[in-house]
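# An overview of the molecular structure
So you can see what is in the structure, the chains are spelled out below.
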Amino acid sequence: MALEEGARSCLLRFRHRLEQDIKPSYLMDHMISDGVLTVDEEERISNKPTRKDQAVALLELLLRKDNRGYISFYNALVKETYGDLANLLHDDLPQTLPGAYKSSSDGCTSYVQTVLSEGGVPQRPVVFVSRPEFVNCVREKLYRLQKEPGWVTVFGMAGSGKSVLAAEAVRHHGLIEECFPGGIHWLSIGQLDKPDLMVKIQSLCFRLEQSLDSPSLHRPPNSLDEAKERLRYLTLRRYPRSLLILDDIWDSTVLKAFDIHCRILLTTRNRSLTDSVSGAKYEVEVESGLDEKKGLEILALYTNTKLHGLPEEARSIVKECKGSPLVVSLIGALLKEKPNRWRYYLNQLQQKQFKRIRKSSSYDYDALDQAMDASIEVLPDEHRELYKDLSVLEKDIKVPAKVLSVLWDLEPEHVEDILEEFVNKSLLFVDSNNKPHLYYLHDLQLDFLVEQNRTQLESLHNKVVHQYQQHYRDGPPTSGDEECLYWIRFLTHHMAKANLSQELYSLMFSLDWVSIKAQIMGPAHLINDYVEYGPILDKENSEVRSQFQEFLSLNGHQLEQRPFPDVVQLALSQPHTSEVYRQALLQAQDRASTGKLYFDWLNKSSVENLSRLVIHPHQGSIYSACFSHDGAKIASSGACKTLKVFKSTSGEKLTEIQAHDDEVLCCAFSPDDRLLATCSSDRKVKVWNVERSMLLRVFEEEHEEQVNHCQFTNTTRRLLLATCSNDKFLNLWNLNKPTSQNTMFGHFEPVNHCCFSPDDTYLSTSSNDDNCKMSSANEWKTINVRNMFAESDEEVLVKCSTWTADGKHIICAARNAALVSILKLDCCPSVCVFQLWDLEANKKMADCSGHLSWVQRVQFSPDGSQLLSCSDDQTVRVRLTQNVKLECLFSLRSSAYKYYCTIMCLYQVVIENNVCVCQVRDGRTGSVLFQSEEKSSRIRCTCMCRQPSAVALGQEDGTVQVLEVPSGKLLATLLGHTKTVLHCRFSHNGQTLITSSEDTTIRVWRWQSGECKVLQGHKEQVRSFSLLSTLPVDTRLLSWSFDGTVKMWDIESGEKLQDIQAHRGAILSCHVSPDGCLFATTSADKTAKLWQCESWQCVHTLSGHQDCVRSCRFSWDSRCLATGDDNGEIRLWSVKDGSLLRICSRDGKDGMDSLHGGWVTDLHFSPDNSLLVSTGGYIKWWDVEKGEALQTFFPTGTALKRIHVSADFSTFVTIDSIGILYILERVV
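Notes on the structure follow. Note on numbering: residues in each chain are counted from 1, in written sequence order. Side-chain atom pairs in this predicted model are given and counted only at pLDDT of 80 or more, local residue features only at pLDDT of at least 70, and totals for whole chains, interfaces and linings cover all residues. Water and hydrogen atoms were dropped before computing side-chain values, which therefore reflect all heavy atoms in the structure.

## Examining the pattern of salt bridges
Definition in use: By salt bridge we mean one thing: a side-chain nitrogen of Lys or Arg within 4 Å of a carboxyl oxygen of Asp or Glu. In this description a helix means any DSSP run of H or I spanning at least four residues, a strand means any run of E spanning at least two, and both kinds are numbered starting from the N terminus. For every residue, the accessible area (1.4 Å probe, protein chains only) is compared with the maximum for its type, and the residue is labelled buried under 20%, exposed over 50%, or partly exposed between those bounds.
Enumeration over the complete set of coordinates arrives at 44 salt bridges. The closest approach of N and O atoms between D92 and R13, which form a salt bridge, is 3.5 Å. On the criterion of sequence distance, the pair formed by D92 in the loop between α7 (83-90) and α8 (104-107) and R13 in helix α1 (residues 5-13) is long-range, its members being 79 residues apart. Close ionic contact of E312 with R674 constitutes a salt bridge, the shortest N to O distance being 3.6 Å. On the criterion of sequence distance, the pair formed by E312 in helix α17 (residues 312-320) and R674 in the loop between β15 (664-669) and β16 (675-680) is long-range, its members being 362 residues apart. On the basis of relative accessibility, which here comes to 41%, the residue R674 falls in the partly exposed class. Look at the salt bridges and you will find they share partners, linking E292, E312, R315, R674 and R692 into a network.

What follows is the structure in structure tokens.
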């Protein structure tokens, strides 16, 4: 049948409005469930490119459907809380088909009232809130009884509103007239014995007979069987097509008395009751709670208050009881008489004082605890004891049957049967969408159990731990299934609740437990455990607890990687005095005996990590991170378009919202921490409810370009939101208005930042137009920041501003300087370092390093005890302010250094604030042997000579200097290069120094005399070179350049011996085979080539890399060549025939990263050629035969340039992008 004309017209009339607002994916799920939409139709609609296109397609399809489609669409709108849209369609709901109905308000005619009154159907409660989605569902099932008898079961837990819904469902003219013209007859049952049941049926029969035109003169039935027959006769002969409503059925034996082939609607807590009777059966499950809006509506009606006038406690009451209609109504009735007791009744609910929440004239139980207890009392004794064990569960936690199988020591199949009984009696809920099924308690049920068994809780938790230990005596579960997840997550909770302190110490002070839980649950849950159970653990050893917590906090971002890192290797980077390190070393030594690789960081004591917590919340740059005003939460946003909120103590994620369609540039908490504002490159400003992750407001009309910053006022006295944009405007928003309250202009370039003064009197703005402006209600004040830089002609970009706590000074950051009012503090922050200054003393207090890329934002916690920073390196770092101090020379720009070392000594070039020094360090301990004076030009390369003991420095201005070690005496200054010196090396006898430069030349110096030969011929910079052999008599030099050529020189004569165009792109590396027969080149053209040293013929071209081939290395037997590219891939090739032997494991850090955390910059084989070490974003050791990664070392920084390896492959030295030196030794 086609869609009714009235319904069709309604859809066409409101089509535009529906297309604008609906999300089809949400609605189609309900329509498929109703059978009016097919999966194929859903897929065709879902394939449309935009939400609006999908909405258009759905409505076009709906116009071709029948009345059932219209009704299903209406119900879907109601269920998905599109109440306003549902109201538009309501008046034209079709009326002629089964299932076609309007709301009770339209259907409740005088005829309906008469029928229901005669049948004993209860009237609506004094306070009534409609639940159309459930009422409609019950009615749809009742329409199915139109042509044949059957059963409709409305089931749910105590107090879910089953009886009210049943009565409301039959309050409908069309339903009664079409399906039940014989009338509606209500019978309240409850918990009855046989005599009482017979009295109930006698009463019903008497009522039915009295309503007949010729009342029967039969005597009352004397037995239950006689009563059943009398009722059968009446319903079949005298009241055909009538509906019998049985309210509150508990027992299937009671139900059998009504198995008389009639039409029955029953309400119950036990959904399985109708299994014992015959006929068609239909079910409607009533959700245990109302949504927040309906719960608040009930409280408003009881207290005669408007919704917006309800106190905050109202929302908390609804949330605390999960919207239970019974509890909300009980409390509402109490508040009607005592309207100032909101806080009191909320406290009673929170403290589980159910006995004090009593009073209802329309309910069978005086108080909530009685209603709960009644459900449990009907269980068999042995099952009642098992149900008591559920008191140990946590709220909102779902458990598989296998967990309870361990707890009860029963077969899983037996446990499933018991749980099914609990579910059928509405004592437990089941999530059937999961396989295996998961079971959980409603909060009220759990609260009741906890209160009822309060004195036994410790022993119940003890039982859980004991059963776990018995079942998993050989070790904890590691399968990762739901059973494993439960034990790994909650074992510590049960131990703490059971007061099993020693067991808790043993578990949480174990590196094995840390490894298992971090791999399965992630590090945030573990950190939470150390925070939550800290008071218990500290009684045993507070220092050890602190060590484990610090290890997790600082390595959490590594522990979130996949493949999962080796926790023992990570723990070897902890201080030598740490219990974490002690356990790791013992395990490493034990596993090393079986051939496993582990590496100890020998000089780690020289590096102090100031971060308290490192979090990796987003993929991509993080542009904003901020503390909540209570300091308990951190919000972050960035390039991945999401907004995340997590705990500031552990990094545990609390909320994740797909916030915008483009990068989220800023996020900010409201003063009460209830709201979060975000702004984006998509030009929109949004306001979110933090607790419910709900979008409250979208402001999208006024800003015409990306919105750079947002901030709330500092107090809620008059809550406003300020935003600024590249459109040069500043907007002030009142959250209750759809458009901005005020638009301020005056800047002539993009506005980068805005900030309220502490008392909200002024609002400061920072712009690329050289100015910082302050506005109040009546005036603009402009500070021309450019005047502070009178000596410079450069433009001044004012990036941000903030206020001192007293509101008397404004601080702004511009062109690498911070200015306080007219006080200028030159800071020159580097790429990944930010600085702390004492404003009164005009003195820098600290350089804060640790980030690996641009720092986007820094913020103090409200009490000043912590310092928050976020960066393009995808991390958020939290530091304790009191621990931040002036750091040593371990901060530098990654682009400004190169490092080389010998086996016994290592030198390090460190640049800080454009001051350049050279350090020579002991190669085993890392201690400083010598540090040069400051150089005027940056040092770009160095090399060392044993005899005489000297170090050479190549600088950016082309100068080369040779210094004596360890005195630091200047031995020679060599002038000649006109651009940056990129590489230098002493000859075997130490008398000759060779240097290469960006000026395209190579110079060969007799450095003691200053004599120099210039090797010219390359057309682009010469980044490196190599002596062709280690023999002192061999004077041949191999050089390569970005010009794609390789050249060979005689360094004694300066003659060019060979010159070939080796590649189409820049040559990035070159290596000579140990036997001296071949050399390999790699290039930006994505190929590597093998060349004969004598003939200079290309032997093999090695193709297959998908990116620039950055590095290469021959094995010591010259039979294998390893190459590494900029995507992190390493390939192993046969030198003999140029065939690919294998590709080293493609397991990556994550989907957004290269396979090696960066370019593969260096490669080395072990002496026996069985192992390969590589550097990139981190260091990896490989099994050459299998191509599998054996171990990974994660440095603090990244972008490792080279690694230096001892002859026995036991010691490894490198340095990272933030200047930290690593001396690693293999654990044996």
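## Quick notes on the side chain of T1192
Applied cut-off: In the analysis that follows, any N or O atom pair within 3.5 Å is treated as a polar contact, provided that within protein one partner can donate a hydrogen and the other can accept it, and provided that, for residues neighboring in sequence, both atoms belong to side chains. For this analysis, residues touch if any pair of their heavy atoms sits within 4.5 Å.
Counting through the fold element by element, T1192 comes out in strand β62 (residues 1188-1193). Here the side chain of T1192 touches K1180 through a polar contact of 3.0 Å, side chain to side chain. Not counting chain neighbours up to four residues away, the residues in contact with T1192 comprise Q569, Y1178, I1179, K1180 and W1181.

## Notes on the sheet that holds strand β64 (residues 1211-1215)
Strands belonging to one sheet form pairs held by backbone hydrogen bonds; the direction of such a pair is parallel or antiparallel. Basically, it comes down to this: The criterion for strand pairing is that DSSP finds at least two bridges linking the strands in question.
Read from one edge to the other, the open sheet built from four strands follows the order β9-β65-β64-β63, with strand pairing classed as antiparallel. Lying at the two open borders of the sheet, with one neighbouring strand each, are β9 (599-601) and β63 (1204-1205).

## Here we look at the sheet that holds strand β6 (residues 399-400)
In spatial order, the strands read β6-β8-β7; together these three strands make up an open sheet with antiparallel pairing. Since the sheet does not close on itself, it has two edges, and those belong to β6 and β7 (429-431), each with one partner. Inspection of the sheet shows β6 paired to strand β8 (residues 438-440) by two bridges, in the antiparallel sense. Across the sheet, the residue bridging to V399 is Y439, located in β8.

## Quick notes on the nonpolar core
For clarity, the cut-off: Residues enter a nonpolar core if they are buried and are Ala, Val, Leu, Ile, Met, Phe, Trp, Tyr or Cys, with the set joined through side-chain atoms within 4.5 Å.
Of all hydrophobic cores here, the largest spans 117 residues; its most connected members are Y387, L390, W408, L419, F422, L511 and F551. Considering each element in turn, this core owes the most residues, eight residues, to helix α26 (residues 482-497). Leave out the neighbours within four places in its chain, and F422 touches L379, H383, Y387, L390, W408, L427 and L428. Within the second largest apolar cluster, 31 residues are counted, among which are I22, I45, L62 and L89.

## A word on unusual backbone geometry
Across the junction of Q947 and P948, the peptide omega takes the value -5 degrees, indicating a cis bond. Mapped onto the secondary structure, P948 falls in the loop between β39 (939-945) and β40 (950-955). Cis geometry is adopted by the peptide bond preceding P966, which originates at V965 and carries an omega value of 10 degrees. Among the structural elements, P966 can be located in the loop between β41 (960-964) and β42 (970-974). Its identity as a non-glycine residue notwithstanding, N499 has a phi of 60 degrees, on the positive side.

On their own, these measurements won't tell you what the molecule is for.
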